[in-house]
Amino acid sequence: MAEKSFKYVILGGGVSAGYAAREFAKQGVKPGELAIISKEAVAPYERPALSKAYLFPEGTARLPGFHVCVGSGGERLLPEWYKEKGIELILSTEIVRADIASKTLLSATGLIFKYQILVIATGSTVSITSLTSIRSKHCLCCFFLRTLPLFQVLRLTDFGVEGADAKNIFYLREIDDADKLVEAIKAKKNGKAVVVGGGYIGLELSAALKINNIDVSMVYPEPWCMPRLFTADIAAFYEGYYANKGIKIIKGTVAVGFTTNADGEVKEVKLKDGRTLEADIVVVGVGGRPLISLFKGQVAENKGGIETDDFFKTSADDVYAVGDVATFPMKLYREMRRVEHVDHARKSAEQAVKTIMATEGGKTVTGYDYLPYFYSRAFDLSWQFYGDNVGDTVLFGDNDLASATHKFGTYWIKDGKVVGVFLESGTPEENKAIAKVARVQPSVESLDVLKNEGLSFASKI
Ligand code: FDA
Ligand code: NAD
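All values derive from a computational prediction rather than experimental measurement.

**Topic: the pairing of strand β11 (residues 248-251)**
Relative to β11, strand β10 (residues 215-220) runs parallel, the two sharing four bridges. In the sheet register, Tyr-220 faces β11, and the bridge partner there is Lys-251. Where the polypeptide runs from β10 across helix α7 (residues 232-244) and back to β11, its parallel neighbour, the crossover connection is right-handed.

And the structure:
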């Protein structure tokens, strides 16, 4: 069997891998020492583009335009960059077994990779558990879940959801998924789409499909969209905005099956409440799941991810975990957390590499002290959130759908301190100000004061 050996291996070729490679290069990695192994066929890119400009009919994003690190205003790392630095990009290569004791990875085609230091950056895969949970508690799904190969991506078809193998049902995680969706949008011009899920993918994809002149219905079980972060008030604004754009929103129910036409293409989505929706395209976005199964029983786990310290070291010697898969100490909240967002993917990768290189040089670095930062963009809207969404909330600003500007936001207040801030349509300065508030956690006299001062409270901090 072919075998290759590297001093450092990054497993996964997504956002964290790209930012880790840049940091390795900055820290003087030598040619031949570092390899990135990825099942994707392309060099690391800024994944957020896939649910936004990649799908737009105008101003379309295509590679090589959005290779890392352009998303944070950095240098664009083209495949040639890796060559110049002597970093081996091993693409279209899926690792199917990892043995930490012997420091060995095995690919689906039988290649063996040896490493001295491993950085796990396998990210997430699409989740379907919430869709299956609506079925009988004693259904076949649970049996399949236990018996499926550990590394296999889970889709509706794995659980016997009726019609789930129909053509034109899409999930969005990698560039190949986005390419298939783009083809379907072209083939089903002016057609109908049902978007299953009211989270990040649901909101961003509904907007992208609508911009492509597709008739869109969104379906989700909760009383309002993005319940992981949005309050009812925040959600009401976005739901109203989407409705004004002609997007139909169906809440409080779930998709339970699909019918197909003679070509095997999806034709209808069956809902649990008995309704059916016509559909030429279905996009499913019902959550992510960290890809850690290769390492089951070999590293400590916590909250569904691989447990790390604040340098992203795992419980196993010489093994680091970064990005979506890492459950790390969030110092600010004295709690172990996992974060599925790009800002953390970039920063955790840099932290791990700085630690690796400093340790080798007998030096130390300071531990990770992360301020949660999430954002989204859809239509002409753009919001940012910093901090923690716990405690009481205060809505401020102008959330009137009829207004020309939509500058509004929400403060979260816990134990008399502002711990989180959301802002729609903020300027770069205003976004900087809300980030500072979330970091400093200023005390507030009363919720009324915050309500009256609105954004000017943040600008004073
Ligand atoms: P990432 O998913 O980027 O990379 C994982 C890599 O590992 C992939 O290349 C995968 O193929 C590879 N891999 C996995 N298993 C493997 C194996 N066994 N063998 C070989 N390779 C393997 N966040 C945000 O803050 N703002 C945003 O706007 C968006 N938008 C967005 C859109 C879409 C469509 C998605 C799917 C996600 C986002 N996100 C986001 C989330 C953000 O992109 C995500 O948190 C980071 O990409 C995580 O980076 P990682 O490097 O951890 O995983
Ligand atoms: P999500 O967790 O944001 O949303 C999942 C949604 O699925 C829930 O809000 C719920 O409405 C819905 N849902 C659950 N069960 C359902 C059911 N049975 N039927 C219908 N709807 C159901 O996850 P996502 O939107 O799928 O995103 C996947 C990953 O991609 C996440 O890691 C996310 O952070 C990432 N992502 C992030 C961004 C961003 O940060 N702007 C953008 C796109 C994707």
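Now, onward.
**Considerations on the site of ligand 1**
Around ligand 1, the surrounding shell holds 36 residues, and the nearest of these are Gly-12, Gly-14, Ser-16, Gly-123 and Gly-323. Mapped by element, the contributors of at least two residues to the shell around ligand 1 are α1 (15-26), α8 (342-360) and β22 (373-378). Per-class residue counts for the shell around ligand 1 are 15 nonpolar, 12 polar and nine charged. Counting contributing residues per domain, the shell around ligand 1 is built from domain 1 (3-123 + 291-360) and domain 2 (129-285), each supplying no fewer than three.

**Quick look at the sheet that holds strand β20 (residues 326-330)**
Pairing within the open sheet is mixed, and its four strands lie in the order β17-β18-β20-β21. Each edge of the open sheet is held by one strand with a lone partner, namely β17 (301-302) and β21 (335-338). The sheet contact formed by β20 and β21 spans four bridges and is antiparallel. Bridge pairing in β21 places Pro-329 opposite Met-336.

**Let's talk about helix α9 (residues 428-440)**
For α9, built from 13 residues, the straight-helix expectation of 18 Å at 1.5 Å per residue is met to within 8% by its first-to-last C-alpha distance of 18 Å. For α9, every residue scored as buried is listed here: Asn-431, Ala-433, Ile-434, Val-437 and Ala-438. Axial view of α9: buried residues confined to an arc of 155 degrees, hence all on one face. Structural note: α9 exposes Pro-428, Glu-429 and Val-440 on the side pointing more than 90 degrees away from its buried face. Here the buried face of α9 lies against β23 (381-387), β26 (417-424) and α11 (455-460).

**Overview of unusual backbone geometry**
The omega angle of the peptide bond from Leu-63 to Pro-64 is 15 degrees, so this bond is cis rather than trans. Here Pro-64 lies in the loop between β2 (34-37) and α2 (79-85). Val-68 connects to Cys-69 through a cis peptide bond whose omega is 15 degrees. Phi at Lys-303 takes a positive value of approximately 50 degrees, unusual for a residue other than glycine.

Analysis parameters
- Residues numbered from 1 in each chain as written.
- Chains lettered and ligands numbered in written order.
- Predicted model: local features only at pLDDT ≥ 70, side-chain atom pairs only at ≥ 80, totals over all residues.
- Pairing = 2+ DSSP bridges.
- Helix = DSSP H or I, 4+ residues; strand = E, 2+ residues; numbered from the N terminus.
- Right-handed = clockwise from strand over helix to strand, strands pointing away.
- Near = placed C-beta within 6 Å.
- Nonpolar A, V, L, I, M, F, W, Y, C, P; charged D, E, K, R; others polar.
- Domains from an automatic or database assignment.
- Expected span 1.5 Å × (residues − 1).
- Buried ≥ 20, exposed ≤ 12 C-beta atoms within 10 Å, placed from the backbone.
- Arc of directions from axis to C-beta.
- Contact = placed C-beta atoms within 7 Å.

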